[in-house]
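This is what each chain is made of:
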Amino acid sequence: MMMTRTVYVNGQYVPENEATISIFDRGFTFADGVYEVTSVIKGGLVDFDGHMARLKRSLRELSIALPHSIEESKNAHHQLVTLTKLDEGVIYLQISRGASDRDFPFPDGAMPTMIMFTQEKSLIDAPAAKTGIKVISVEDIRWARRDIKSVGLLAPVLAKQAAKEAGCQDAWLYQDGYVTEGSSNNAYIVTEDDVIVTRQLSNDILHGITRHAVLDLAREKGMTIEERPFTIDEALNAKEAFVTSASTFVYPVIEIDQQSIGNGTPGPVATRLRELYIENALANLS
């Protein structure tokens, strides 16, 4: 029999081919749930406290109960790392409102469903970090509460598919002429004056945990940051561009809509921020 990953389902660790949840789970029927992705380096968790703080906020915004304490969740993450022998990659965690007969209002008495699984992934030596990525611009058609890390991801799926069909790796989303964020990451440009520009926090974008860490590191190094909207045209004329997320850390963006950014290669600001982030992550694994 083919070996399978061990996954977590409602407090149990089981082979992935034996994992089951109800077909009436509201995560399926209404995308009524939230998720987090925590990176793993050398078997340790990266920015775990930040991810759990955001998870609690997302759950609170949707009035979904946290099934376990943060400490129990952390123990479960470590147990899954041990059972799967994961050295480098990510852990995906999803919590839905639970199972009930299909009806729109919140059900009475439903118990939240919590699942977790691991994925091996090259994070530190990711090829895209060295070559940079190409993106296209796509209109942002997502709902108005992008600050909630909802499992309703059809719009980002369509954006990433459009990017793939265009021979690119990702899409930058725009609304009313301004970039909101990447399809699954926060977006940045670097001006000719070496100012890092990224959209300010609001309901329009996800409050990225990696974003927070990278901006803190940039400030510590004396880099200038402006949190404001920017246009695609401004990005096309930028000195550099890059994205941040839990599973990419910092990736340089070398092309937008078939136009090279800067000289078309990863720039020094993005490269340095990636180095700083990895150094900090390795020094603070939990």
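Everything numeric in this text was worked out from a predicted model, so none of it was measured. (Residues numbered from 1 in each chain as written. Predicted model: local features only at pLDDT ≥ 70, side-chain atom pairs only at ≥ 80, totals over all residues. Heavy atoms only, no water.)

Novice: If you had to explain helix α2 (residues 48-61) to someone new, which residues and values would you point to?
Specialist: With 14 residues, α2 should reach 20 Å at 1.5 Å per residue; the first-to-last C-alpha distance of 20 Å fits that figure. Buried residues of α2: F48, H51, M52, R54, L55, S58 and L59, and no others. For α2, the angular spread of the buried residues around the axis is 160°, confining them to a single face. Among the exposed residues of α2, those pointing more than 90 degrees away from its buried face are D49 and R60. Those residues of α2 that are buried lie in contact with β3 (33-41), β4 (44-45), α3 (70-84), β5 (88-96) and α6 (209-220). (Helix = DSSP H or I, 4+ residues; strand = E, 2+ residues; numbered from the N terminus. Expected span 1.5 Å × (residues − 1). Buried < 20%, exposed > 50% of the residue type's maximum accessible area, 1.4 Å probe, protein only. Arc of directions from axis to C-beta. Contact = heavy atoms within 4.5 Å.)

Novice: Run through the packing of aromatic side chains, naming residues and quoting values.
Specialist: Scanning all chains against the criterion turns up seven aromatic pairs. Taking the centre distance of 6.0 Å and the plane angle of 65° together, the rings of W172 and F230 count as edge-to-face. Here W172, found in strand β8 (residues 170-175), pairs with F230, found in the loop between β12 (224-227) and α7 (232-236); they are 58 residues apart in sequence, far enough to count as distant. Pair check on accessibility: W172 and F230 agree, each one buried. The rings of Y35, Y92 and F117 are connected pair by pair, giving a single aromatic cluster. (Phe/Tyr/Trp six-rings, centres within 6.5 Å; stacked < 30°, edge-to-face > 60°.)

Novice: Please give an account of the environment of T265 that cites residues and values.
Specialist: The residue T265 is located in the loop between β15 (259-260) and α8 (268-283) in this model. For T265, a relative accessible area of 42% puts it in the partly exposed group. C-alpha separation for the pair T265 and E255, spaced ten residues apart in sequence, amounts to 8.8 Å. Polar contacts involving the side chain of T265 include one to the side chain of N263, which spans 2.6 Å. (Polar contact = N/O pair within 3.5 Å; in protein donor to acceptor, adjacent residues only side chain to side chain.)

Novice: Tell me what's going on with the environment of M223, and back it up with residues and numbers.
Specialist: With respect to the element layout, M223 can be found in the loop between α6 and β12. The exposure class assigned to M223 is partly exposed, which follows from its relative accessible area of 22%. C-alpha separation for the pair M223 and E181, spaced 42 residues apart in sequence, amounts to 21 Å. Apart from the residues within four sequence positions on either side, M223 is in contact with I196, A218, R272 and L273.

Novice: Residues and numbers for the pairing of β3, please.
Specialist: Within β3, nine of the nine residues are buried, which leaves the element mostly enclosed by the surrounding structure. Burial of the side chains of β3 extends over both faces: G33, Y35, V37, S39 and I41 are buried on one face and V34, E36, T38 and V40 on the other. For β3 and β5, the ladder comprises nine bridges, and the chain directions are antiparallel. When the bridges of β5 are listed, E36 appears paired with L93. Between β3 and the antiparallel strand that follows it, β4, lie two residues; K42 among them carries a positive phi value of about 50°. (Pairing = 2+ DSSP bridges.)

Novice: Tell me about unusual backbone geometry, residues and numbers included.
Specialist: Within the chain, N10 stands out as a residue other than glycine whose phi angle is a positive 50°. You will see that D47, though not glycine, has its phi angle at about 55°, which is positive. Considering the arrangement of structural elements, one finds D47 in the loop between β4 and α2. When its relative accessible area of 23% is taken as the criterion, D47 is described as partly exposed.

Novice: Account for the side chain of T118, with residues named and values stated.
Specialist: Along the chain, T118 falls in strand β6 (residues 113-120). The exposure class assigned to T118 is buried, which follows from its relative accessible area of 3%. Not counting chain neighbours up to four residues away, the residues in contact with T118 comprise R5, L80, T84, L86, V90 and I91.

Novice: Can you lay out the pattern of salt bridges for me, pointing to particular residues and giving the numbers?
Specialist: A side chain with one charge can pair with a side chain of the opposite charge if their charged atoms come near. Within this structure, the stated rule accounts for 19 salt bridges. Close ionic contact of R26 with D32 constitutes a salt bridge, the shortest N to O distance being 2.8 Å. The pair formed by R26 and D32 is uniform in burial state, with each residue classed as buried. Note that R211 is salt-bridged to E227, the shortest N-O span being 2.6 Å. Residue R211 is found in helix α6, and its partner E227 is found in strand β12; the two are separated by 16 residues along the sequence. R211 sits in the buried class, given a relative accessible area of 4%. Its relative accessible area of 35% is what places E227 among the partly exposed residues. Three or more residues are tied together by salt bridges with common partners; here these are R57, E61, R145 and D147. (Salt bridge = Lys/Arg side-chain N within 4 Å of Asp/Glu carboxyl O.)

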